[in-house]
Amino acid sequence: MSIRLQLAAMCFMMIQAVTFFAGLLALLLSPLAREAMSLMPFVVIGSAVVSAPLSWWLAPRLRARTWRREGTVELLR
């Protein structure tokens, strides 16, 4: 298991918690609040779908040694 995958797995749940809260807040503050219980599975699945690429993108940036050595241009490829 690569270091990037391990870091992404650790970040995934934290990022998913934040995106779930943002989705839940958007749902409850919209006119769709009356249908919140039936729309909740879509919020959960949507937060998981959004969190996976975000955690994969963030994982190399958590390695300070790599960040110093390769710089921002190298990691953004």
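Because the structure is predicted, anything quoted here is derived from the model rather than measured.

(A) Summary view of the overall build of the protein chain. Each helix and strand counted, the protein chain has three helices and zero strands in total. Along the chain direction, N to C, the helices and strands of the protein chain fall in the order α-α-α. Relative to its 77 residues, the protein chain shows a buried fraction of 25%. Long-range pairs, those at least 24 residues apart, make up 65% of the contacts in the protein chain between residues at least 6 apart in sequence. Carbon and sulfur atoms provide 74% of the accessible area of the protein chain, an area that totals close to 5,700 Å².

(B) Up close: helix α2 (residues 36–58). Between its first and last C-alpha, α2 extends 31 Å over 23 residues, near the 33 Å set by a 1.5 Å rise per residue. Turning to α2, its buried residues number three or more, namely A36, V43, S47, S51 and S55. Each element contacted by the buried residues of α2 is listed here: α1 (3–29).

Procedures and definitions
- Residues numbered from 1 in each chain as written.
- Predicted model: local features only at pLDDT ≥ 70, side-chain atom pairs only at ≥ 80, totals over all residues.
- Heavy atoms only, no water.
- Helix = DSSP H or I, 4+ residues; strand = E, 2+ residues; numbered from the N terminus.
- Buried < 20%, exposed > 50% of the residue type's maximum accessible area, 1.4 Å probe, protein only.
- Contact = heavy atoms within 4.5 Å.
- Areas by Shrake-Rupley, 256 points an atom, 1.4 Å probe, with all protein chains shown as cover.
- Expected span 1.5 Å × (residues − 1).

These figures capture arrangement, not role.
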